[in-house]
Amino acid sequence: MNIQTKMQAATDRRLLDGKVSVITGSTSGIGLGIARALAEAGSAIVLNGFGAEADIAKVRAQIETDFGVKATYSAADMTKPDAIGAMIAATLKDHGRLDVLVNNAGIQHVAPIDQFPIEKWDAILAINLSSAFHTTRAALPAMRKNGYGRIVNIASAHGLVASPFKAAYVAAKHGIVGLTKVVALETAEEGITCNAICPGYVYTPLVEAQIEGQAKAHGIPREQVIRDVLLAQQPNKKFATVEELGALTVFLASDAANSITGIALPVDGGWTAH
Ligand code: NAD
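Residues numbered from 1 in each chain as written. Predicted model: local features only at pLDDT ≥ 70, side-chain atom pairs only at ≥ 80, totals over all residues. Heavy atoms only, no water.

Judged by how many residues are buried, strand 6 (residues 192-199) sits mostly within the fold: eight of eight residues are covered. What you see with strand 6 is no split at all: Ile-192, Cys-194, Ala-196 and Cys-198 on one side and Thr-193, Asn-195, Ile-197 and Pro-199 on the other are buried throughout. The pairing of strand 5 (residues 149-154) with strand 6 spans six bridges and is parallel. Opposite Ile-154, over in strand 6, you have Ile-197 as the bridge partner. Note on the crossover from strand 5 through helix 6 (residues 167-187) to strand 6: the handedness is right-handed. Bridge count between strand 6 and strand 7 (residues 264-267): four bridges; the pairing is parallel. From the neighbouring strand, Cys-198 faces strand 7, where its bridge partner is Pro-266. (Buried < 20%, exposed > 50% of the residue type's maximum accessible area, 1.4 Å probe, protein only. Helix = DSSP H or I, 4+ residues; strand = E, 2+ residues; numbered from the N terminus. Pairing = 2+ DSSP bridges. Right-handed = clockwise from strand over helix to strand, strands pointing away.)

Quick look at the structure:
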C-alpha cells in the first residue's frame, strides 16, 4: 500500500464502527445533529424524542440510507424512570451492546423566580437533569461489561454561568455538570469517560423560530435580533452549529479522548470567558 492509499484508508476508517449509541432527544436540533455525526462515524443509533410518527420514521430511514448503520427509535418519555429503563433494555436487546450515551433531551421555560410555575420547575429538573441519572445508572452495567463507555452530557453555558429568569434551566444545567464529575470519578478506572459539553447559542429550528418571532415583535431586522438580542452574551457573534457539536461528540467518543473525563467544555464563542 503506498502512502496515499494508506492515508485514504485512515480517512475512510470509521472511528466508531461496530459501536452503538443512544441519543436522548434526537428527533430534532442538536440531538439529531449528534446522532447523524455518530452514524457517519459508523455507530448504530438509537433515536429518542417526541414528534410525528411519519417524521421520525423518515429521520430514522434517512440515517440508515445515508450512513449504512442500523437505526432504531425509542419513544421513552425522559420524565419517566421506568420508560428510560425500558429504552436501555430495548437497546441491549436490539443491538446487543451500548457504547455511547448522549444525554441531550432538554426543555426551557423563562420566568421570574417568584412567578416560575412549579410544574415547569419539576419538568425541567426531570428532563434536563434527572433523566441523565436514570439513563446513566441503567447503561453503566453494559459499558462495564465491555470495559468501554462514553457518556456525553449536553449541558449549556448555563451549566457554568447564570442568566436571570432561567432558575430551573440554570439549576438543572449546573446539576448535570456536577453529575458529570461524579460519574467520571466513579468510572475512571473502567475504560469509561463522562464529559459535559456546554454550548452557547446553537443554530436550531427552535432558534430560527425565535429570530422570526423577535424580529416581528420588536419590528427590527433579523440581523439585529441575532446580534443584539440572541447573541448579546456571545462575543464571536456567531451561533455554534449542530455539526460542530456532532464532531466534538465523535471526538469525545473516540480513542483519542481516552484521557479526557470529568470536564465541562464550553462551545460558546467566548461567552464564559467574560
Ligand atoms: P430541541 O427542542 O430542538 O430538541 C429537544 C429534543 O428533546 C427533541 O427531540 C424533543 O422531542 C426532546 N424531548 C423534549 N422533552 C422530552 C421528553 N420528555 N422525553 C424525551 N424527549 C424529549 O432543542 P435543542 O436546542 O436541540 O436542545 C437540545 C439540548 O441542548 C437541550 O438539553 C438544551 O438545553 C441544550 N442546549 C441548547 C442550546 C441551543 O442554543 N439550542 C444551547 C445550549 C444547550
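This part takes up the site of the ligand. Neighbouring the ligand are 28 residues; Thr-27, Ser-28, Ile-30, Asn-104 and Tyr-169 lie closest to it. Between the ligand and Gly-25 there is a distance of 3.3 Å, counted from an oxygen atom to a backbone nitrogen or oxygen. With the chains in place, 89% of the 830 Å² that the ligand exposes on its own is no longer accessible. Listed by contribution, the elements that provide at least two residues to the shell around the ligand are helix 2 (29-40) and helix 6. Of the residues in the shell around the ligand, the class split is 14 nonpolar, twelve polar and two charged. (Near = heavy atom within 4 Å. Polar contact = N/O pair within 3.5 Å; in protein donor to acceptor, adjacent residues only side chain to side chain. Areas by Shrake-Rupley, 256 points an atom, 1.4 Å probe, with all protein chains shown as cover. Nonpolar A, V, L, I, M, F, W, Y, C, P; charged D, E, K, R; others polar.)

Our next topic: the domain arrangement of the protein. On domain assignment, one finds that the protein holds domain 1 (16-202 + 241-266) and domain 2 (203-239). With centres defined by C-alpha atoms, the gap from domain 1 to domain 2 works out at 26 Å. At the interface, seven residues of domain 1 touch nine residues of domain 2. Ranking the residues of domain 1 by area buried against domain 2 places Tyr-201, Val-202 and Thr-241 at the top, with a combined share of 74%. (Domains from an automatic or database assignment. Contact = heavy atoms within 4.5 Å. Buried area = accessible area lost by both parts, 1.4 Å probe.)

What follows is about the packing of aromatic side chains. If you walk through the whole model with that rule in mind, you get two aromatic pairs. Judged by centre distance (6.5 Å) and plane angle (15°), the rings of Tyr-201 and Trp-271 are stacked. Of the two residues, Tyr-201 is situated in the loop between strand 6 and helix 7 (205-218) and Trp-271 in the segment after strand 7; the sequence distance between them amounts to 70 residues. Geometrically, the ring pair formed by Tyr-203 and Phe-239 is tilted, given 5.6 Å between the ring centres and 55° between the ring planes. (Phe/Tyr/Trp six-rings, centres within 6.5 Å; stacked < 30°, edge-to-face > 60°.)

Take the sheet that holds strand 7 next. Spatial strand order, 3-2-1-4-5-6-7: seven strands in an open sheet with parallel pairing. Each of the sheet's edge strands pairs with one partner strand only, and the pair in question is strand 3 (71-74) and strand 7. Across this sheet, the average inter-strand angle for adjacent strands is 20°, counted without regard to direction. Pairing analysis gives four bridges linking strand 4 (residues 100-103) to strand 5, with the strands arranged parallel. Counterpart to Leu-101 in the pairing with strand 5 is Ile-151. Seen against the sheet, helix 4 (residues 81-95) touches strand 1 (20-23), strand 2 (44-48) and strand 3 and runs at an angle of roughly 150° to strand 2. The strands touched by helix 9 (residues 242-253) within the sheet are strand 4, strand 5, strand 6 and strand 7, with strand 6 carrying the most contacts at an inclination of about 160°. (Axes fitted to C-alpha atoms, helices over the stretch in contact; angles between N-to-C directions.)

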